[in-house]
Amino acid sequence: MQNQRVELAVFIVALVAVVLAVATLARRFGTSAPLLLTVVGIIVGYLPGMPLIEVDREIVMLGLLPPLLYSAAIRTSLIDLKATIRGIGLLSVGLVIFTAVGVGIAVWALLGVPLPLAIAFGGVVAPPDAVAATAVAKRIGLPRQLVTLLEAESLFNDATALVIVRMGLVALGASVTVWDVSSQFLWAAGGGIAIGTAAAYLIGLVRRRITHTVTDTALSFLCPWLAYLPAEEVHASGVLSVVTAGVLLGHKSMYFQTAQSRIAERVNWATIQFVLENAVFLIIGLQAHAIVQGVADIGWARVGYISVLVLLVVILLRPLWIFTTMLVWRSKQWPWSTTAKVAAITSWAGMRGVVTIAAAFTLPTDAPERDLLVLLALVVTAGTLLIQGYSLPWLARALDLRGEDPREDALQVATVLERSLGAGEARLDALVDSETPASVVASLHEASKRRRDAAWERLGTEADIESDSDAYVRLRKEMIVAERAKILSIRDNGQASSDVLDKVFGVMDIEESMLTGFAERTPLGLSLIHISEPTRPY
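In short, a report on the structure. (Residues numbered from 1 in each chain as written. Predicted model: local features only at pLDDT ≥ 70, side-chain atom pairs only at ≥ 80, totals over all residues. Heavy atoms only, no water.)

**Some points on the overall build of the chain**
Assigned secondary structure in the chain consists of 22 helices and zero strands. Taken over 538 residues, the chain has a buried fraction of 47%. Within the chain, contacts between residues separated by at least 24 positions form 80% of all contacts whose residues are at least 6 apart in sequence. Carbon and sulfur atoms provide 64% of the accessible area of the chain, an area that totals close to 26,700 Å². (Helix = DSSP H or I, 4+ residues; strand = E, 2+ residues; numbered from the N terminus. Buried < 20%, exposed > 50% of the residue type's maximum accessible area, 1.4 Å probe, protein only. Contact = heavy atoms within 4.5 Å. Areas by Shrake-Rupley, 256 points an atom, 1.4 Å probe, with all protein chains shown as cover.)

**Let's talk about the side chain of Arg262**
Mapped onto the elements, Arg262 comes out in helix α12 (residues 259–286). Put simply, Arg262 is tucked away with no salt bridge, and the nearest opposite charge, on Glu265, sits 7.8 Å away. Sequence-distant contacts of Arg262, that is, excluding residues within four places in its chain, are made with Ser253, Met254 and Gln257. (Lys, Arg positive; Asp, Glu negative; His and termini not counted. Salt bridge = Lys/Arg side-chain N within 4 Å of Asp/Glu carboxyl O.)

**Examining the side chain of Ser448**
As for its position among the elements, Ser448 is in helix α20 (residues 438–457). Since its relative accessible area comes to 13%, Ser448 is described here as buried. Beyond its immediate stretch of four places on either side in the chain, Ser448 contacts Leu421 and Glu425.

**Observations regarding empty space enclosed by the protein**
Going through the model one piece at a time under the given rule, you end up with two cavities of 30 Å³ or more. Within this model, the largest cavity holds a volume of roughly 50 Å³. The wall of the largest cavity is formed by Val55, Val60, Val280, Ile283, Ile284, Gln287, Val354, Ile357, Ala358 and Phe361. Elements with a contribution of two residues or more to the lining of the largest cavity: α12 and α17 (354–360). Of the residues belonging to the lining of the largest cavity, the class tally is nine nonpolar, one polar and no charged. (1 Å grid on protein atoms, 1.4 Å probe; cavity = no way out; pocket = protein on both sides within 12 Å on 5 of 7 lines; lining within 4 Å. Points joined across faces, edges and corners; volume = space filled by probe spheres on them. Nonpolar A, V, L, I, M, F, W, Y, C, P; charged D, E, K, R; others polar.)

Below, the structure is given as structure tokens:
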């Protein structure tokens, strides 16, 4: 028992170490980390002395899926979801059903397995993975609305697919009517959304009363399971429950969380998401050896042509559905030529992921051709990741489909900031009385002016010319280096208490993280950084 615990600990440490190393290499060489991790996992799984890796589906469905869904949902805009609701419905429900039925008929014809089992397998391979598609989409700079559509599709399509799998397996042992399927789907969807809404409301009530940042962040770690487990207990969709709760909590976070809590939650969940979403693709690759070995007694010629045919069916059904329904779901913001390009990219962004592998292991162990079906799920997952994942950037370049102009984003930021500053200054004027120090009022108005100037300044500055704001950031960062060196000297000489130094370092770290973070996350680049007065140490 002791040896098993040690081996498990070593495996987890090695897993995370490989994830960090490969993800770092992927960023350095400009490739997709999920795709590279899948390849590395397959290679490592076949190394001499490497044990066969089989991950229990419950670990994925209960341990990995809820936090992954939640981390994506809290960053998903409810407003953007409403704007793309038609496309989400057609992709997350219509396309999943269409793919499940199409693949099911193909598998039924090729393998001769019972049709309900074939449809269940169709549900297994139907839902694309959120991480793989959006990781590539964001890296190559696709339009924001398209990225939102792909993210939203992948958040909601798992629920449809898992209901299809469940109903297909139920139909193996009993006759199932259209009413049974419809009512089960409605209960899964409606119940999941209702429970997720209730969970978000109750969690929000609790979090309104929590002002301690660490406590609030710790509570957020429970949120995925507080939504997922009750829904699964009543056979509703835990996936939809988690997504609904996450979207609502993210949308309402400004009302019940402090600024410190929002920052802490964002950083912590970004770390969790990074580790988990990359680990699952490494795990997919590691399982390849065990899955392939399970069909060793089947003729490889038969396995080969069936695998190729099923993979082709899965890949081709998506563009068939999307181009057919293009007239229905096309965005009014795009002209016809752009809509066709968006449809092409969306059609090719169908990479499968961990849910497909996990759902494949739910197939009964005594089901006909079960080992082959599990292998086919792996082929579809690995095949779409490698074929579509690595060719998607090329397709985007060939179609010349690009994201929003950074200058247009900068204009919107400046416009929004202008309106918000006007509201802030109006509130300041309402609060000022005869006892308010004139120097304080002047300082606040000056700070607003600098924020306004910094926002509009970006629009009039050439890309290769350093703006005043950029110069401020560059010089301020150099000053911080010198300031930190002096404080370290004070610490080493024992000239101040550790509590005082911790506060000074904390303030300095916050300012430096703002200097760096805004450069990476805002279309204004670094120009927003000097909007605040330099923070004074305690």
